[in-house]
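Results of the structural survey
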Amino acid sequence: MADGQRNPEDPFLEKYQPADLRIASEFLTTWLPFLSRDLCPSCSKVLSDRVCSLAAPGVDGEPKPLQSEEGLNTLTSNAEEAPEFNENNDDNCDRNSLGSDQDEAETHSLGSWKDGAQGCFEPSPEVSTSSTMCESLAVGSQSPHMSWADMAQEDELEEEDEQEAGKRVVDVDASTGELRISAVPEKPKLPREQREQIRFMNVKRNKDFICFERINGKLVNILQGLELHTGVFSAAEQKRIVDYVYELQEKGKRGELKDRTYSAPHKWMRGKGRVTLQFGCCYNYATDRNGNPPGILQNEFVDPIPHLFKVIIRRLVRWHVLPPTCVPDSCIVNIYEEGDCIPPHIDNHDFVRPFCTVSFLSECNIRFGSNLKVIGAGEFEGSMAISLPVGSVLVLNGNGADVAKHCVPAVPTKR
C-alpha cells in the first residue's frame with residue numbers, strides 16, 4: 001500500500017457525493033480493527049489515513065464529523081405482513097458478500113447502501129447541513145442521491161405550496177369599489193434538518209409489553225424484546241411506498257422479476273394465497289417438491305433489495321428503530337387482500353434477531369402466545385393481541401421472537 005491520502009481527483013471517488021464519502025468513512029472507521037488486524041503497522045497506518053481522508057474537513061463544506069451511534073443490535077424478518085415491509089438480515093458481515101457497489105446487480109451483495117445505515121447518527125438541531133435518513137446533504141449541494149425520505153418531505157411541502165399558490169385573497173377597494181386580488185403570503189419553512197428532528201422526536205416507542213405465561217414450569221414474559229414504533233412514516237411517504245409495491249407487483253405479474261421473487265398462489269381457501277415479494281434472499285416457507293426444508297435457499301436467487309427499500313432501512317436505523325450493528329439485507333413484502341391471514345409460527349432462525357415488520361395501508365392486530373390455537377379459517381386464539389397502526393414498525397427480539405408464536409388473523413381490508 002502506498003499513499004494513505006485521498007486524491008481529490010481520483011476517478012473512483014468522483015462517482016460519489018461528499019456526503020456519501022463521509023458516510024463510507026464512518027462505516028469503514030467502525031471496521032478498521034477488523035480490516036487492519038493482520039496488517040503491519042505501516043500498512044495499518046496507511047489504511048487508517050486513507051479512510052480518515054474520506055471525511056477530511058472541507059469535503060462537504062462541513063468540518064464537523066457525524067456522531068456515531070453505539071450499543072444497538074440487529075434485525076431479521078419473517079413476520080409476514082403487507083404491503084407490510086418485512087426486513088431481514090444475516091450476520092453483521094453478510095455471509096454471501098462483503099459489500100459491493102454493484103448491489104443492484106447482485107442478489108446477495110450488501111453494497112454501499114449499508115454504509116449509510118451503519119454510519120447513522122441521531123438528528124441534531126445544531127447541525128446546519130440538511131439530512132434525512134443516514135445521508136447528510138451539504139447545503140447547496142446538487143446531489144442526485146437525495147434520500148427518498150427527503151424527497152417525500154419535499155413533495156409534501158410542494159403540495160402545500162401548490163395549494164397555497166392557487167389561493168388568492170379577494171377584497172374590495174374601499175375608495176374605488178373595484179375587486180382587488182392578492183396572493184396568500186408564503187409560509188415560512190423550517191430547514192429539513194429541523195423538520196427531521198421534530199419528526200424523530202415525535203416517534204412514539206412502546207417497549208413495555210408484558211404477558212406472563214408458564215414455560216417449562218417458570219413464569220416468563222413472552223413479550224420481552226418487542227418494540228412498537230409509531231409515527232415513523234408520514235402519510236405521503238406511506239403512499240409512495242405502497243404505490244411502489246404495486247408497481248413491483250405488476251412487474252411480477254408480467255414476469256419481469258426473478259421467478260422466486262414474485263409469488264401469487266391460487267386462493268384455495270379463505271386466508272390462503274396472499275401475494276408475496278421476496279428481495280435479497282430466497283426463503284422457503286415449507287418443504288418443497290425438491291425436498292428442500294424451510295429456510296433460506298442458498299442455490300435459489302431473487303431480485304436484490306430495491307433502492308427505495310434501502311432508504312427505508314436507513315430511516316429505521318437512523319431513527320433508532322433498528323440497531324446499526326446488523327443491517328437488514330433481505331425483506332419479504334406480503335400483500336393482503338380482505339380475509340388473508342398468517343398462521344401461528346416462530347420465524348426461522350436463518351434470520352438473525354431482531355427482525356421487524358412495517359405496516360401500511362390499514363391497521364390490524366398481531367396475536368402472540370406460546371400456544372396459539374386455530375379456531376377456524378383465519379381465526380386464532382392467543383394470550384395477547386397488539387394493534388399495528390399504519391406507518392408503524394414492530395421489532396421482534398428476545399422472547400417476543402423466539403418463545404412466543406405470532407399470527408395475523410384474517411384482515412378486514414386490503415393491507
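For the structure, see preceding data.
Here's a quick rundown of the structure. (Residues numbered from 1 in each chain as written. Predicted model: local features only at pLDDT ≥ 70, side-chain atom pairs only at ≥ 80, totals over all residues. Heavy atoms only, no water.)

1. Topic: the overall build of the protein chain
When its secondary structure is counted, the protein chain shows eight helices and 22 strands. The 415 residues of the protein chain split such that 49% are buried. If you take every contact in the protein chain between residues at least 6 apart in sequence, the share linking residues at least 24 apart comes to 74%. Here the protein chain has roughly 20000 Å² of accessible surface; of this, 52% comes from carbon and sulfur atoms. (Helix = DSSP H or I, 4+ residues; strand = E, 2+ residues; numbered from the N terminus. Buried < 20%, exposed > 50% of the residue type's maximum accessible area, 1.4 Å probe, protein only. Contact = heavy atoms within 4.5 Å. Areas by Shrake-Rupley, 256 points an atom, 1.4 Å probe, with all protein chains shown as cover.)

2. Some points on the pattern of salt bridges
Here the structure, examined in full by the defined rule, presents 10 salt bridges. Across the pair E237 and R199 runs a salt bridge, and its minimum N-O distance is 2.9 Å. Residue E237 is located in helix 6 (residues 235-253), and its partner R199 is located in helix 5 (residues 192-201); the two are separated by 38 residues in the primary sequence. Using a relative accessible area of 0% as the deciding quantity, one classes E237 as buried. Owing to a relative accessible area of 17%, R199 belongs among the buried residues under this scheme. K239 is paired through a salt bridge with D243; the nearest N and O atoms lie 2.8 Å apart. Of this pair, K239 and D243 both sit in helix 6, four residues apart, which is roughly one turn of that helix. K239 gets classed as exposed once you look at its relative accessible area, which sits at 54%. Looking at D243, the relative accessible area reads 33%, which means it is partly exposed. Sharing partners across several salt bridges, the network here consists of R199, E237 and R315. (Salt bridge = Lys/Arg side-chain N within 4 Å of Asp/Glu carboxyl O.)

3. Digging into the sheet that holds strand 17 (residues 364-369)
An order of 15-22-17-20 is seen for the four strands of this open sheet, with the pairing classed as antiparallel. Lying at the two open borders of the sheet, with one neighbouring strand each, are strand 15 (342-345) and strand 20 (384-388). In this sheet, neighbouring strand axes are inclined to one another by 20° on average, regardless of whether the strands run parallel or antiparallel. Two strands pair when backbone bridges link them, and strand 17 and strand 22 (residues 405-408) are joined in this way by three bridges, in the antiparallel orientation. The partner of F368 across the bridge, within strand 22, is H406. (Pairing = 2+ DSSP bridges. Axes fitted to C-alpha atoms, helices over the stretch in contact; angles between N-to-C directions.)

4. Observations concerning the pairing of strand 8 (residues 218-221)
Across four bridges, the pairing between strand 7 (residues 212-215) and strand 8 is antiparallel. Among the inter-strand pairings, F212 is bridged to a residue of strand 8, identified as N221. Here strand 7 folds back onto strand 8 in antiparallel fashion, the turn holding two residues, of which N216 has a positive phi close to 50°.

5. Overview of the packing of aromatic side chains
Throughout the structure, instances matching the rule amount to six aromatic pairs. For the pair Y283 and Y285, a centre-to-centre distance of 5.0 Å together with 85° between the ring planes defines the contact as edge-to-face. On the accessibility criterion, Y283 (7% relative accessible area) is buried. Plain terms: the ring middles of Y283 and F351 are 5.3 Å apart, the flat faces sit at 40° to each other, and that makes the pair tilted. You can see Y283 sitting in strand 12 (residues 282-284) and its partner F351 sitting in the loop between strand 15 and strand 16 (355-358), a full 68 residues away along the chain. Every member of this aromatic cluster is reached through a ring pair, and the members are Y244, F279 and F309. Lying across the ring of W319, R315 places its NZ or CZ 4.1 Å from the centre. For R415, the ring lying beneath its charged end belongs to Y336, and the centroid distance is 5.9 Å. (Phe/Tyr/Trp six-rings, centres within 6.5 Å; stacked < 30°, edge-to-face > 60°. Lys NZ or Arg CZ within 6 Å of the ring centre and 35° of its normal.)

6. Examining helix 6
Taking 1.5 Å of rise per residue, 19 residues should cover 27 Å, and helix 6 covers 27 Å from first to last C-alpha, within 8% of that figure. Buried within helix 6 are the following residues: E237, Q238, I241, V242, V245, L248, Q249 and G252. Viewed along the axis of helix 6, the buried residues span an arc of 130°, placing them on a single side of the element. Summarising the geometry of helix 6, the exposed residues directed more than 90 degrees from the buried face are A235, K239 and K253. (Expected span 1.5 Å × (residues − 1). Arc of directions from axis to C-beta.)

7. Re the pairing of strand 9 (residues 227-230)
Sheet topology places strand 6 (residues 204-206) next to strand 9; three bridges connect them, and they run antiparallel. The residue of strand 9 that forms the bridge with N206 is L228. Pairing between strand 9 and strand 21 (residues 393-396): three bridges, direction antiparallel. Bridge pairing links L228 to L394 in strand 21.

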